[in-house]
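The lines below spell out each chain.
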Amino acid sequence: MSPLITFRVAFKALGRNKLRTGLTMLGMIIGVAAVITLVAMGNGAQAAIEEQIKGAGTNMITVNAGNFTQGGVRSGAGASSSLSEADAAAMRELPDVQYVASGVQMRTQVVAANQNWFTRIQGTDVDLPLIRAWPTRIGAFFSPQDIDGAAKVAVLGATVNEQLFGADGDPVGQVIRIRNQPFKVIGVMGGKGQGMGEDMDDQILVPYTTVQKKLLGIDYVNNITVSARTAEGTSAAADGIAFLLRTRHQLAPGQEDDFIIRTLEEVADIRTQATGTMTTLLAGIAGVSLIVGGIGIMNIMLVSVTERTREIGLRLAIGASDASVLTQFLVESVVLSLAGGLIGIVAGMLL
């Protein structure tokens, strides 16, 4: 028979048992739609996981001041004054670096009206929310003009805001006192939770120049937080920063670094493991669904062959070849698969 006649006979055979044909297609429809829907949900979950880990700092590099030694006494990491804003400005020119934020830290008591709270004051730059993927929940973050002018403005972490103004309080425009100096609250950061072993919400963010000039009286920075352009380029960015700082600080070959560079490699490993696990899960679901759909069609075709032994015998008696009979049943199974698959694709995309 010609292919056209073969398809016409296949459609007639399937039309004689509409309920069975529909139920067989339903198995394929559900299988294909489930695969597409689960893959979409899995990709969405994977993207959400990567975004959360990125917010924790997958691309982040921290550069801290190194050890300070005087009279044989070593003060430990972060004690030296080797880092400066000029170092941070030079890092911005590196090709693998996207954002840079200078940092100066201190801890002190903060007073707001009749409330007070002991917390960390984080002097930082305008790029920090971009590095940490950390938006403001109320108000706004400080601007480059605030950095240049060492403005007395503050952005509260969620924990500090709750302690000083209540969980639902809007402190924008209020004045808090840090070391008896008034600071105007211009915003509240969104909740960040735990990060690197500490409560990220228990801090107040202010321009680092303000901490330098008006709170500590220093001209250096304690740390520089950097974000690489991509997670894969983090190592290259760290190597570039190390070379840059050794050159700028005029360190001789073999001389110990006066800075410490750390990348969050463990976080990157978690991201890789999560991605691999999600991929394996989706591949397993897709495989099982396709196998179940195929077995369903196989069973129906087996029943169909058993029911149509008279038809098969008649066709063989009048000269049909074994191949033509086999082709007839294969065409029927292909029609079931294609029809059910196409409907399943549409249903899966809608879901």
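Residues numbered from 1 in each chain as written. Predicted model: local features only at pLDDT ≥ 70, side-chain atom pairs only at ≥ 80, totals over all residues. Heavy atoms only, no water.

Points about the overall build of the chain
Spelled out, the test is: Put simply, DSSP marks the helices as runs of H or I at least four residues long and the strands as runs of E at least two long, and each gets a number from the N terminus on. Type-normalised accessible area, obtained with a 1.4 Å probe on protein chains alone, sets the label of each residue: buried when under 20%, exposed when over 50%, and partly exposed for intermediate values. In this analysis, two residues are considered to be in contact whenever any of their non-hydrogen atoms come within 4.5 Å of each other. Accessibility throughout is a Shrake-Rupley quantity obtained with a 1.4 Å probe, and a residue counts as covered only by protein chains that appear here.
Per the secondary structure count, the chain includes 11 helices and 14 strands. Here the chain, with 351 residues, has 42% of them falling under the buried criterion. In the chain, 73% of the contacts between residues at least 6 apart in sequence involve partners at least 24 apart. Accessible surface, the chain as shown: approximately 18,500 Å² in total, 61% of it carbon and sulfur.

Re the side chain of Thr124
Assignment of secondary structure puts Thr124 in strand 5 (residues 115–124). Thr124 has contacts with Ala101, Ser102, Phe141, Phe142, Ile147, Leu205, Val206, Pro207 and Tyr208, leaving out every residue within four places of it along the chain.

Here's the deal with the pairing of strand 13 (residues 223–228)
The line we're drawing: Two strands make a pair as long as DSSP finds a minimum of two bridges between them.
Of all six residues making up strand 13, six are buried, and the element is well covered by its neighbours. What you see with strand 13 is no split at all: Asn223, Thr225 and Ser227 on one side and Ile224, Val226 and Ala228 on the other are buried throughout. Bridge count between strand 1 (residues 60–65) and strand 13: five bridges; the pairing is antiparallel. Bridge pairing in strand 13 links Thr62 to Thr225. Relative to strand 13, strand 4 (residues 97–112) runs antiparallel, the two being bridged by six bridges. Across the sheet, the residue bridging to Ala101 is Thr225, located in strand 13.

Observations concerning the nonpolar core
Within soluble globular proteins, side chains that are nonpolar tend to cluster in buried spots. Quick reminder of the rule: Take the buried residues of types Ala, Val, Leu, Ile, Met, Phe, Trp, Tyr and Cys, join any two whose side-chain atoms come within 4.5 Å, and each joined set is a nonpolar core.
By size, the foremost hydrophobic cluster in this structure holds 57 residues, and its most contacted members are Val63, Met91, Ile121, Ile176, Ile204, Ile224 and Ile241. Apart from the residues within four sequence positions on either side, Ile224 is in contact with Ile61, Thr62, Val63, Leu83, Ser84, Asp87, Ala88, Met91, Val100, Ala101 and Ser102. Among the nonpolar cores identified, the runner-up in size contains 14 residues, and Ala10, Leu14, Ile297 and Val335 belong to it.

Considerations on a nonpolar patch on the surface
Operational definition: Like charges within 9 Å and nonpolar side chains (Val, Leu, Ile, Met, Phe, Trp, Tyr) within 5 Å are joined into patches, using only residues over 30% in relative accessible area that form no salt bridge. Salt bridge, as used here: a side-chain nitrogen of Lys or Arg that lies within 4 Å of a carboxyl oxygen of Asp or Glu.
Nonpolar side chains collect at one region of the surface, where Leu19, Leu23, Leu26 and Ile30 lie side by side and expose about 420 Å² of accessible area between them. By relative accessible area, which is 41% here, Leu26 ends up partly exposed.

Some remarks on the packing of helix 10 (residues 309–317) against helix 11 (residues 322–350)
Using the following cut-off: Note on method: axes are straight lines fitted to C-alpha atoms, helices fitted across the in-contact stretch only, with angles between N-to-C directions ranging 0 to 180 degrees. In this scheme, a crossing is called left-handed if the near helix is turned counterclockwise away from the far one by less than a right angle; it is called right-handed if the turn is clockwise. Following the grouping adopted for this structure description, the nonpolar residues are Ala, Val, Leu, Ile, Met, Phe, Trp, Tyr, Cys and Pro, the charged ones are Asp, Glu, Lys and Arg, and the polar ones are all others, Gly among them.
At a minimum axis separation of 10 Å, helix 10 and helix 11 run at an interaxial angle of 145°. Pair helix 10 / helix 11 crosses with right-handed handedness. Residue-level contacts link Ile312, Arg315 and Leu316 of helix 10 to Asp322, Ser324, Val325, Gln328 and Phe329 of helix 11. Among the residues making up the contact of helix 10 with helix 11, the classes are represented as four nonpolar, two polar and two charged.

Regarding the pattern of salt bridges
Counted by the stated rule, this structure contains eight salt bridges. The closest approach of N and O atoms between Glu85 and Arg92, which form a salt bridge, is 3.4 Å. The class for Glu85 is partly exposed, based on a relative accessible area of 25%. Owing to a relative accessible area of 32%, Arg92 belongs among the partly exposed residues under this scheme.

What to know about the side chain of Gln203
Our working definition: Pairs of N or O atoms within 3.5 Å make up the polar contacts considered here, provided that, within protein, one atom can donate a hydrogen while the other can accept it, and that residues adjacent in sequence are counted only when both atoms are side-chain atoms.
In this fold, Gln203 is placed in strand 12 (residues 203–207). Reaching out from Gln203, the side chain makes a polar contact with the backbone oxygen of Met200 at a distance of 2.8 Å. Setting aside chain neighbours within four positions, we find Gln203 in contact with Thr119, Arg120, Gln122, Trp134, Val155, Leu156, Gly157 and Val160.

Re the environment of Ile178
Following the sequence through the fold, Ile178 ends up in strand 8 (residues 175–178). Once the C-alpha coordinates of Ile178 and Arg107 are considered, the two residues, 71 residues apart in sequence, prove to be 10.0 Å apart. Sequence-distant contacts of Ile178, that is, excluding residues within four places in its chain, are made with Thr108, Gln109, Val110, Ile121, Phe183 and Leu215.

Examining the confidence of the model for the chain
Note the following rule: The quantity called pLDDT is the predictor's confidence in a given residue, expressed from 0 to 100.
Here the chain shows a mean pLDDT of 85. Residues at 70 or above account for 89%. Confidence drops under a pLDDT of 50 for residues 68–76, and excluding neighbours within four residues, the segment shows 12 contacts in the predicted structure.

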